[in-house]
Amino acid sequence: TNALLTDNEQYVWLATSNSGIKRGKNGIWETMTEGLPLLSQNITCMAYSSDGSIWAGTDASQLIHITADSKTVLSTGTSKPITALAFADDQSIYCSTKGAGIVHFNGSVWNAVNSQNEAIPSDEIITLHKAEPGRMYFSIPGGKVILIKL
């Protein structure tokens, strides 16, 4: 299991290395990614949004959005694995990657934050975390933690 979370309905969600996303309650499990056009079933991370939806990243740089009514697969526009997810103040989502920096999705447009267009020292991002309003921490190899303004 790569990640685990619970939702407001007390379901347990598992991000698996080779079986997609599993959701369970009271001993009954279902595969939530069955039938989706995924390039990989390796789910690397998950996040629970304030609107009750689930977001998940894959090692094939796809972002999955699961709501009560729909399941959507989005491509981040990179070929690098997603390593972590975090929400901004406006609930747009940031995806850290292993080799493409950070990609931001505002609901319709992707933007990249990487060593070519921002003053970040590495495009290999291990994890990221939403800090105080307007700021995000991220870590890179070598134990360095960087604070960026959103």
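Heads up: the structure comes first, above all this text.
Quick summary incoming for the structure in this document. (Residues numbered from 1 in each chain as written. Predicted model: local features only at pLDDT ≥ 70, side-chain atom pairs only at ≥ 80, totals over all residues. Heavy atoms only, no water.)

What follows concerns the packing of aromatic side chains. Per the counting criterion, the structure on display carries 1 aromatic pair. For the cation-ring pair, Arg23 lies above Tyr11, with the distance from its terminal atom to the ring centre recorded as 3.9 Å. In this arrangement the basic side chain of Lys25 is found over the ring face of Tyr11, its NZ or CZ atom lying 4.9 Å from the centre. (Phe/Tyr/Trp six-rings, centres within 6.5 Å; stacked < 30°, edge-to-face > 60°. Lys NZ or Arg CZ within 6 Å of the ring centre and 35° of its normal.)

Here 3 strands make up an open sheet; going across it, the order is 13-14-15 and the pairing antiparallel. Strand pairing shows two members of the sheet lacking a second neighbour, strand 13 (127–130) and strand 15 (144–149), which therefore form its edges. Neighbour-to-neighbour, the strand axes of the sheet open up by a mean angle of 20°, direction not taken into account. The sheet contact formed by strand 14 (residues 135–140) and strand 15 spans 6 bridges and is antiparallel. Looking across to strand 15, one finds that Tyr137 is bridged to Leu147. (Pairing = 2+ DSSP bridges. Helix = DSSP H or I, 4+ residues; strand = E, 2+ residues; numbered from the N terminus. Axes fitted to C-alpha atoms, helices over the stretch in contact; angles between N-to-C directions.)

This next bit is on a nonpolar patch on the surface. A cluster of nonpolar side chains, namely Tyr137, Val145 and Leu147, defines an oily patch on the protein surface of about 260 Å² accessible area. Note on placement: Val145 falls in strand 15. (Patch = residues over 30% accessible without salt bridge, like charges linked within 9 Å, V, L, I, M, F, W, Y side chains within 5 Å. Areas by Shrake-Rupley, 256 points an atom, 1.4 Å probe, with all protein chains shown as cover. Salt bridge = Lys/Arg side-chain N within 4 Å of Asp/Glu carboxyl O.)

Attention shifts here to the environment of Ser40. Structurally, Ser40 is set in the loop between strand 4 (28–31) and strand 5 (43–48). Ser40 sits 22 residues away from Asn18 along the chain, and the two C-alpha atoms are 7.8 Å apart. With sequence-adjacent residues up to four places away left out, Ser40 is seen in contact with Thr58, Asp59, Ala60 and Gln62. Side-chain polar atoms of Ser40 contact the backbone nitrogen of Asn42, separated by 3.0 Å. (Contact = heavy atoms within 4.5 Å. Polar contact = N/O pair within 3.5 Å; in protein donor to acceptor, adjacent residues only side chain to side chain.)

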